[in-house]
Protein chains: 2
Amino acid sequence: MQRGNFVGDKEISSAVIGRLPRYYRYLGELRGQGVVRISSQELSEQMKVTASQIRQDFNNFGGFGQQGYGYNVNYLYEEIGKILGLTKKYHMIIVGAGHLGQALANHTGFESRGFVLKGIFDIDPELGKTEIRGIPIQMMEALPAFIKDNGVDIAGIATPSSVARATATELYQYGVRGFWNFANTDLHLPENAVVENIHLAESLMRLSYSLQKIGTKNK
Amino acid sequence: MQRGNFVGDKEISSAVIGRLPRYYRYLGELRGQGVVRISSQELSEQMKVTASQIRQDFNNFGGFGQQGYGYNVNYLYEEIGKILGLTKKYHMIIVGAGHLGQALANHTGFESRGFVLKGIFDIDPELGKTEIRGIPIQMMEALPAFIKDNGVDIAGIATPSSVARATATELYQYGVRGFWNFANTDLHLPENAVVENIHLAESLMRLSYSLQKIGTKNK
């Protein structure tokens, strides 16, 4: 297995990886503000995590430079980007062009990070007459040929939950390995597929739990 | 602090709480299929977590019944629902009626869980002439009075990232305590506010990392 960005062949915990995008976001903001160097203490105050957590996380990747003098913001931003694979371009499709699928397709912010929307698919012939940002909505029948011709890295699953699992399995068979799942169900895919779930309903339930815990309820 | 659903006054870890909505989803599906009892082993196979993890998680809440005979699906579903606060109704508003805000407002699935959409707000006067599911899109100026009159538990923040923090702070001042944040930034709110973040870009970055790690890249 190739792990070009790793220091040695150390396995990095998924908790650390899970935190990298947030570091990347803050460093991008600092970079935009023209900040050149930042200490782990200053970064800690902005991000509201401990400086020791930051140093421990960064030590997984060799530490990214001297602590006493602070981190070079631009260097750190670029290195974390490389670790996250953001120097590459990914071909993405959205499957399911209902309200949520259309909202995702309309979101241009992902493209600047290298996630390029190549196609949108649905089963509704009426939608098949329309397009989003110049990308025509195609019928599901066109998927196998489209994936073969375009090379699709990531499929956003925005279908109804009832068909999400079968749809993802089909896409996997056509060669897609990355799944961004918005359906309220778990996809069941072989081990060499990677899935990121956005479970909106579960997020609301955690919010409900926390609201109940603080005892704040307006009505 | 009231913790009506807790066994004694034991503090439950956020990791356990974070897993409850997924149990709730699976139990809801099993219930829909007419399954009456299920063992931790069977549930473990379906959810792809260890049976020991399930038993440990449930032991935080007294165990939910005898293990040898399996769990009563309906009872377990209802108890977890109570712990998550899903027996209550929450008043929700969506702030920011762009593509994503509209998609959230159009999503009827949340209402069945008790999250009732009461209002939609934006700054665009053109949108102010429209409605979603019979709910008119109102201008931001109407927010203070609306919150006072309706009691708003949760605000979905679907504004541009650049104004999300200020918007949330304003909503907090009007009395909102639950924030469902879709903006690509962290809200900075006092401790008695609760925030659930849906960071789409960060989710894509984790997907990118994992795709790179398995070495699957079509182009």
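Residues numbered from 1 in each chain as written. Chains lettered and ligands numbered in written order. Predicted model: local features only at pLDDT ≥ 70, side-chain atom pairs only at ≥ 80, totals over all residues. Heavy atoms only, no water.

Draft legend 1. Geometry of the overall build of chain A. Counting its regular elements, chain A contains eight helices and nine strands. Expressed along its principal axes, the backbone C-alpha trace of chain A runs to roughly 60 × 50 × 35 Å. Counted over contacts in chain A with a minimum sequence separation of 6, partners at least 24 positions apart contribute 53%. On chain A, the mean spot of the 23 positive side-chain charges and the mean spot of the 21 negative ones are 7 Å from each other. (Helix = DSSP H or I, 4+ residues; strand = E, 2+ residues; numbered from the N terminus. Contact = heavy atoms within 4.5 Å. Lys, Arg positive; Asp, Glu negative; His and termini not counted. Charge placed at Lys NZ, Arg CZ, Asp CG, Glu CD.)

Draft legend 2. Quick look at the pattern of salt bridges. On inspection of all chains with the given rule, the structure shows 18 salt bridges over all chains. Salt-bridge contacts for Glu-196 of chain A lead to Arg-206 of chain B; the nearest nitrogen and oxygen are separated by 3.2 Å. Residue Glu-196 of chain A is found in strand β9 (residues 194-197), and its partner Arg-206 of chain B is found in helix α8 (residues 200-214); the two belong to separate chains. Judged by relative accessible area, which is 14%, Glu-196 of chain A ranks as buried. Of the charged contacts in the structure, one is a salt bridge between Arg-133 of chain B and Glu-111 of chain B, with a shortest N-O distance of 3.3 Å. Linking Arg-133 of chain B in the loop between β5 (131-132) and β6 (135-139) with Glu-111 of chain B in the loop between α5 (99-106) and β4 (115-122), this pair joins segments that are 22 residues apart in sequence. The network of salt bridges with shared partners includes Arg-22 and Arg-25 of chain A together with Asp-186 and Glu-202 of chain B. (Salt bridge = Lys/Arg side-chain N within 4 Å of Asp/Glu carboxyl O. Buried < 20%, exposed > 50% of the residue type's maximum accessible area, 1.4 Å probe, protein only.)

Draft legend 3. Examining helix α2 (residues 40-47) of chain A more closely. Residue and element names in this part refer to chain A. Restricting attention to buried positions, one finds in α2 the residues Ser-40, Leu-43, Ser-44 and Met-47. Looking straight down α2, one finds that the buried residues subtend no more than 105 degrees of arc, so they occupy a single side. Packing partners of the buried residues in α2 comprise α1 (14-32), β1 (37-38), α3 (51-59) and β2 (71-72). Once α2 ends, the next one or two residues include Lys-48, with phi positive near 55 degrees. (Arc of directions from axis to C-beta.)

Draft legend 4. Examining the interface of chain B and chain A more closely. Taken together, the contacts link 75 residues of chain B with 75 residues of chain A. Of the roughly 6600 Å² buried between chain B and chain A, counting both surfaces, carbon and sulfur atoms make up 62%. When the area that chain B buries against chain A is broken down by residue, the three leading residues are Leu-204, Met-205 and Tyr-209 of chain B, summing to 11%. For Glu-202 of chain B, the salt bridge is made with Arg-25 of chain A, and the minimal N-O distance between the two is 2.7 Å. Our count for the contact surface shared by chain B and chain A stands at 30 residue pairs in polar contact (both at pLDDT 80 or more). Sorting the residues of the side of chain B that touches chain A by element identifies α1 (14-32), α4 (73-83), β3 (90-95), α5, α6 (143-150), β8 (178-181), β9 (194-197) and α8 of chain B as the ones contributing at least two each. A per-element tally of the side of chain B that touches chain A places α8 of chain B first, with 15 residues. Its residues assigned to classes, the side of chain B that touches chain A shows 32 nonpolar, 23 polar and 20 charged. (Buried area = accessible area lost by both parts, 1.4 Å probe. Polar contact = N/O pair within 3.5 Å; in protein donor to acceptor, adjacent residues only side chain to side chain. Nonpolar A, V, L, I, M, F, W, Y, C, P; charged D, E, K, R; others polar.)

Draft legend 5. Summary view of the pairing of strand β6 (residues 135-139) of chain A. Residue and element names in this part refer to chain A. When strand β4 (residues 115-122) meets β6, the two strands line up parallel, connected through three bridges. The residue of β6 that forms the bridge with Ile-120 is Ile-137. With two bridges connecting them, strand β5 (residues 131-132) and β6 associate as antiparallel partners. Each bridged residue has a counterpart across the sheet, and for Glu-131 the counterpart in β6 is Pro-136. Counted along the chain from β5 to the antiparallel partner β6, the turn is two residues long, and its residue Arg-133 has a positive phi close to 50 degrees. (Pairing = 2+ DSSP bridges.)

Draft legend 6. Looking closely at the confidence of the model for chain A. All names here are of chain A. Within chain A, residue pLDDT values average 90, and 92% of them lie at 70 or more. Scored below 50 in pLDDT, residues 1-8 shows 13 contacts in the model against residues more than four places distant or in partner chains. Across the assembled chains, the prediction reports ipTM 0.90 with pTM 0.91. (pLDDT = per-residue confidence, 0-100.)

Draft legend 7. Geometry of α1 of chain B. Compared with the 27 Å implied by 1.5 Å per residue over 19 residues, the 28 Å span of α1 of chain B between its first and last C-alpha is a close match. Along α1 of chain B, the residues classified as buried are Val-16, Ile-17, Leu-20, Pro-21, Tyr-23, Tyr-24, Arg-25, Tyr-26, Leu-27 and Leu-30 of chain B. Residues of α1 of chain B that are buried in the fold lie against α8 (200-214) of chain A together with β1 (37-38), α2 (40-47), α3 (51-59) and α4 of chain B. With its phi angle positive at about 80 degrees, Gly-34 of chain B sits one or two positions after the end of α1 of chain B. (Expected span 1.5 Å × (residues − 1).)

Draft legend 8. Inspection of unusual backbone geometry at higher detail. One non-glycine residue, Lys-48 of chain A, lies in the positive phi region at around 55 degrees. Here Lys-48 of chain A is to be found in the loop between α2 and α3.

Draft legend 9. Seen up close, the nonpolar core. The biggest cluster of nonpolar side chains holds 102 residues, and the ones touching the most others in it are Ile-80 and Trp-180 of chain A together with Ile-80 and Trp-180 of chain B. When sequence neighbours within four positions are dropped, the list of residues in contact with Ile-80 of chain A reads Leu-20, Tyr-23, Tyr-24, Leu-27, Phe-58 and Phe-64 of chain A. (Core = buried A, V, L, I, M, F, W, Y, C linked by side-chain atoms within 4.5 Å.)

Draft legend 10. Spatial organisation of the sheet that holds strand β3 (residues 90-95) of chain A. Residue and element names in this part refer to chain A. On the basis of which strands lie adjacent, the open sheet formed by seven strands has the order β5-β6-β4-β3-β7-β8-β9 and mixed pairing. Either end of the sheet is taken by a strand with one partner, and the two such strands are β5 and β9. Across four bridges, the pairing between β3 and strand β7 (residues 154-157) is parallel. Paired with Ile-93 across the bridge in β7 is Ala-155. Packing of helix α6 (residues 143-150) onto the sheet brings it into contact with β3, β4 and β6, and relative to β4 it is tilted by some 165 degrees. (Axes fitted to C-alpha atoms, helices over the stretch in contact; angles between N-to-C directions.)

Draft legend 11. Representation of the packing of aromatic side chains within the structure. For the structure on display, the rule yields 18 aromatic pairs over all chains. With a centroid separation of 4.9 Å and 70 degrees between ring planes, the pair formed by Trp-180 of chain A and Phe-182 of chain A is classed as edge-to-face. Residue class for Phe-182 of chain A comes out buried when judged on its relative accessible area of 9%. Residues Phe-58 of chain B and Tyr-71 of chain B carry aromatic rings whose centres are separated by 5.2 Å and whose planes lie at 80 degrees to one another, so their mutual orientation is edge-to-face. Linking Phe-58 of chain B in helix α3 with Tyr-71 of chain B in strand β2 (residues 71-72), this pair joins segments that are 13 residues apart in sequence. Note on accessibility: Phe-58 of chain B and Tyr-71 of chain B belong to one class, buried. Following the ring pairs from residue to residue traces out a cluster consisting of Tyr-23, Phe-58, Phe-61, Phe-64 and Tyr-71 of chain A. Lying over the aromatic face of Tyr-172 of chain A, Arg-177 of chain A brings its terminal NZ or CZ to 3.7 Å of the ring centre. (Phe/Tyr/Trp six-rings, centres within 6.5 Å; stacked < 30°, edge-to-face > 60°. Lys NZ or Arg CZ within 6 Å of the ring centre and 35° of its normal.)

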